[in-house]
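Here are the chains, one letter per residue:
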Amino acid sequence: MLDRTAPPPIQPIQFIPFPKVNCHTLSKGVKLYCIQHGKQPIVELQVVFQGGYCFEQLPGVSLFTPKMMNEGTKSYSSAALSEQFDFYGVSLGIETGFETIRFSLSSLEKQLQQTLPVLQEILVCPTFPEDEFNLMITRSKQAIQVDTRKSSYWARRLSGHLIWGKNHPYGRHIGEAELSPIELSQLIDYHKETFHTNNLTLIAVGHFDEDTLVRQCDNMVSQLPVWETNTVSAGLNPPEAEKPGVIYHPVSDTMQSTIRIALPLFKRNHPDYHTLRLANTLFGGFFGSRLMKNIREEKGYTYGIGSSLQCYKYNGMWIIQTETAHEYVSKTLTEIELETVRLQQELVPKAELEIAANYLLGRMLSNQETPFQISDLFLTQWVNSLSDEDWKEAYEIVRSITPEDIQRVCQKYLNINEMRIVVSGIAGEN
C-alpha cells in the first residue's frame, strides 16, 4: 500500500527532446511545418505572415488590419463569422507582434474541413466595414483613456522610449495621438501589401492525418495572391536611447508608484542568452528570487517584484518592475541596486543556483506539454533563426552553468550605470 506520509524520492529533471518537425512545400512555395504531438485529435494551426510593428509605416496599422479582417468578409458578417466558429467549437486568435502577424486556429481535426474555407475568406476577401472600423477605433481610444490613469501604463511606455526611442518599433506605443491619423484606406492598403503567399508560413501541431492536412492547407493558400515583397524590418534600425538615469512621471490619484528599470541587451539568438536567463531567474524571475526575498518578504516594500529578459529578433532589454507605496520608492531603488551589486561581487551559493536551475528547467519542460505551447516554441525558434538544436542546447547549458558563469554575465550585462529608470506615480524624487 502506498505510504502517503512519505514524500516521493527526488529525481533529476530529464531532458525531453523537441518533437520531430516535418516540412512540406505547398503550392506557390508556401512552407507548412507539421509537428505531431499528443493523442487527442486536436490541431493548432498558425497562419503566420511576415509583418507587424516592424513592418508598418504608420503606427497601429499592423494591429488593426488583421482585427478588421475578422469583422466581415464577402460571405460573412462579423456576427456570422463568430457564429461559424462557435458552431464548430473552433477558436480563432489574432495576434500582432514585432515581426509577425498570426492567425491561430484551434480546432478538432474533423472540423477543419468546414472551418478552413472560412479562414481562407478572412485572409483573401475581407470587406473592412466602415462602421466596425469606427467602433474599433472608439473602443481603443476609450481603453487608452482608462490605461493612462494607471502608473504602470506610463512606466511601460516611457521606459520603452528611454531604451529605444519614440520612433523605434520596439519602443513605440500606440496612444490617442497615434490613433487619430489612421484611416480605413490605409488598412486596406496594408492588407494588400502584407497578406500574400510570399509572406506566408504555416505551422500545424497536434494529432492529425498529415496528408489530409497538407491537402486542406494547400487548398486554403491557393486563393491567396502572389506578390513580391522587399520590405526590411525596422527592428534593424539602431536604437535612439536616452542617457541613463531616473525620470519621474506624475500620475494623479494613485495609491502606489510603478518602478520600471530597463537595461539594453542583445537579440534572442545571442550565445549568452541561456546563461543570462538563469541569472535573471535568480535575480527576479520567480517567487523565490532574491528581489522577492529581500524587497517583498524581508522589507515589505511591495507585494511583488520581478525581472525578465525581453529579447527580440534584432535586439533586447532586461526589465525590472514593481509597484510600491510612494514613500518606499527611494528605498526600493536602493535595495535593487544592492542586489545587483551582490550578484556581481559575490558568487552564488551552489545550493541556491541548483534550486533556480531546476525551477527554470521545470518551466522549460512544462512549456511543451500542449500543442499550443509547442506551436509557440517552434514559432519563436523560426522567427529568431535559432538552430534546430536550440532546445537541447538550452537544457545542456542550464545544467552546466556555474556560479562563475552567473557572476560573469551579471558583471557584463546587469550594469547599474546603464539603467534607464522610470518612476511613475509620484510628482518628484523622494
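The coordinates are above.
Keep in mind it's a predicted model, so treat the numbers as computed, not measured.

Basis of the calculations
- Along each chain, residues carry numbers from 1 onward, in the same order as the chain's sequence is written.
- Reporting of local features is limited, given that this is a predicted model, to residues whose pLDDT is at least 70; pairs of side-chain atoms are given and counted only at 80 or more, and all residues count toward the totals for whole chains, interfaces and linings.
- Think of the side-chain values as coming from all heavy atoms in the structure, minus any hydrogens and water.
- Runs of E in the DSSP output that reach at least two residues are strands. Runs of H or I that reach at least four are helices, and both are numbered from the N terminus.
- Atoms counted for the radius of gyration: C-alpha only. Globule rule: 2.2 Å times residue count to the power 0.38.
- Note on contacts: a residue pair qualifies if any of its non-hydrogen atoms lie within 4.5 Å across the two residues.
- Per-residue accessibility takes into account occlusion by the displayed protein chains alone, with areas from the Shrake-Rupley method and a 1.4 Å probe.
- Charged residues are defined here as Lys and Arg on the positive side and Asp and Glu on the negative side; His and the ends of the chain fall outside this count.
- To locate a charge, take atom NZ for lysine, CZ for arginine, CG for aspartate or CD for glutamate.
- For salt bridges, the criterion is a side-chain nitrogen of Lys or Arg within 4 Å of an Asp or Glu carboxyl oxygen.
- Partly exposed residues are those whose accessible area sits between 20% and 50% of the maximum for their type, while under 20% is buried and over 50% is exposed, using a 1.4 Å probe and protein chains only.
- In short, DSSP must find at least two bridges between two strands for them to pair.
- Lines fitted to the C-alpha atoms define the axes, with helices restricted to the stretch that makes contact. Angles between their N-to-C directions range from 0 to 180 degrees.
- An angle below 35 degrees is treated as roughly parallel, one above 145 as roughly antiparallel, one from 65 to 115 as roughly perpendicular, and anything else as oblique.
- Any residue outside Ala, Val, Leu, Ile, Met, Phe, Trp, Tyr, Cys, Pro, Asp, Glu, Lys and Arg is labelled polar, Gly included; the first ten of those are nonpolar and the last four are charged.
- Counting of polar contacts relies on pairs of N or O atoms within 3.5 Å, with two restrictions inside protein: one atom must be capable of donating a hydrogen and the other of accepting it, and residues adjacent in sequence are counted only when both atoms are side-chain atoms.
- Ring pairs are drawn from Phe, Tyr and Trp, using the six-membered ring of Trp, whenever the two centres fall within 6.5 Å, and their geometry is named by plane angle: stacked under 30 degrees, edge-to-face over 60, tilted for the rest.
- We call a charge positioned above a ring when the Lys NZ or Arg CZ atom is no farther than 6 Å from the ring centre and deviates by at most 35 degrees from the ring normal.

Points about the overall build of the protein
(1) Moving on: Helix and strand content of the protein: 15 helices and 11 strands.
(2) Moving on: In terms of C-alpha radius of gyration, the protein reaches 24 Å, essentially the compact-globule figure of 22 Å for 430 residues.
(3) Moving on: Of all intrachain contacts in the protein linking residues separated by at least 6 positions in sequence, the fraction that spans at least 24 positions is 81%.
(4) Moving on: Summed over its atoms, the accessible surface of the protein is roughly 20900 Å², and 50% of this surface lies on carbon and sulfur atoms.
(5) Moving on: Side chains of the protein give 38 positive and 49 negative charges; the mean places of these two sets differ by 3 Å.

Overview of the pattern of salt bridges
(1) Moving on: Counted according to the given criterion, the structure contains 12 salt bridges.
(2) Moving on: Between glutamate 339 and arginine 342 there is a salt bridge whose closest N-O contact spans 3.0 Å. Highlighted residues: glutamate 339 and arginine 342, both in helix 11 (residues 329–345), separated by three residues, approximately one helical turn.
(3) Moving on: Residue classification places glutamate 339 among the buried residues on the basis of a relative accessible area of 6%.
(4) Moving on: For arginine 342, a relative accessible area of 30% puts it in the partly exposed group.
(5) Moving on: When salt bridges that share partners are traced, they join Glu95, Arg102 and Asp376 into one network.

What to know about helix 15 (residues 403–413)
(1) Moving on: Residues of helix 15 that are buried include every one of Pro403, Ile406, Gln407, Val409, Cys410 and Tyr413, and no others.
(2) Moving on: Buried residues belonging to helix 15 abut strand 8 (256–265), helix 9 (273–285), strand 10 (316–325), helix 11 and helix 12 (350–366).

Some remarks on the sheet that holds strand 2 (residues 31–36)
(1) Moving on: Read from one edge to the other, the open sheet built from six strands follows the order 1-2-6-3-5-4, with strand pairing classed as mixed. Where the open sheet ends on each side, the last strands, each with one partner, are strand 1 (21–25) and strand 4 (91–96). The average undirected angle you get between the axes of adjacent strands in this sheet is 15 degrees.
(2) Moving on: The pairing of strand 2 with strand 6 (residues 200–206) spans six bridges and is parallel. Each bridged residue has a counterpart across the sheet, and for glutamine 36 the counterpart in strand 6 is glycine 206.
(3) Moving on: Against the sheet, helix 3 (residues 112–124) touches strand 3 (42–50), strand 4 and strand 5 (100–108), its axis set at about 160 degrees to strand 5.

So, the packing of helix 9 against helix 12
(1) Moving on: Across the interface, helix 9 lies against helix 12 with an axial gap of 9 Å and an inter-helix angle of 110 degrees. Compared by their axis directions, helix 9 and helix 12 come out roughly perpendicular. Along its contact with helix 9, which presents Arg277, Leu278, Thr281, Leu282 and Gly285, the element helix 12 presents Glu352, Leu353, Ala356, Ala357, Tyr359, Leu360 and Met364.
(2) Moving on: A class-by-class count of the residues in the contact of helix 9 with helix 12 yields eight nonpolar, two polar and two charged.

A word on the side chain of glutamate 44
(1) Moving on: Within the fold, glutamate 44 resides in strand 3.
(2) Moving on: The buried charged residue glutamate 44 lacks any salt bridge, with arginine 102 as its nearest oppositely charged partner at 6.2 Å.
(3) Moving on: A distance of 2.4 Å separates the side chain of glutamate 44 from the side chain of serine 106, its partner in a polar contact.
(4) Moving on: Filtering out sequence-adjacent residues up to four positions away, glutamate 44 remains in contact with Ser104, Leu105, Ser106, Ile203, Ala204, Val205, Pro371, Phe372 and Ser375.

Overview of the packing of aromatic side chains
(1) Moving on: All chains considered together, the criterion is met by 16 aromatic pairs.
(2) Moving on: Judged by centre distance (5.2 Å) and plane angle (85 degrees), the rings of tyrosine 153 and tryptophan 154 are edge-to-face.
(3) Moving on: A residue is classified by how much of its surface remains accessible, and tyrosine 153, at 7% relative accessible area, is buried.
(4) Moving on: Grouped by ring-pair contacts, the aromatic residues Tyr53, Phe98, Trp164, Tyr170 and Tyr312 constitute a single cluster.
(5) Moving on: A cation over an aromatic ring shows up here: arginine 268 above the ring of tyrosine 273, its NZ or CZ 4.0 Å from the ring centre.

Things to note about the sheet that holds strand 7 (residues 245–250)
(1) Moving on: If you walk across this open sheet you meet the five strands as 7-11-8-10-9, and the pairing is mixed. Edge strands, defined here as strands with exactly one partner in the open sheet, are strand 7 and strand 9 (302–311). On average, each strand axis in the sheet is inclined to that of its neighbour by 15 degrees, with strand direction left out of account.
(2) Moving on: Bridge count between strand 8 and strand 11 (residues 420–425): five bridges; the pairing is antiparallel. Looking across to strand 11, one finds that threonine 258 is bridged to serine 424.

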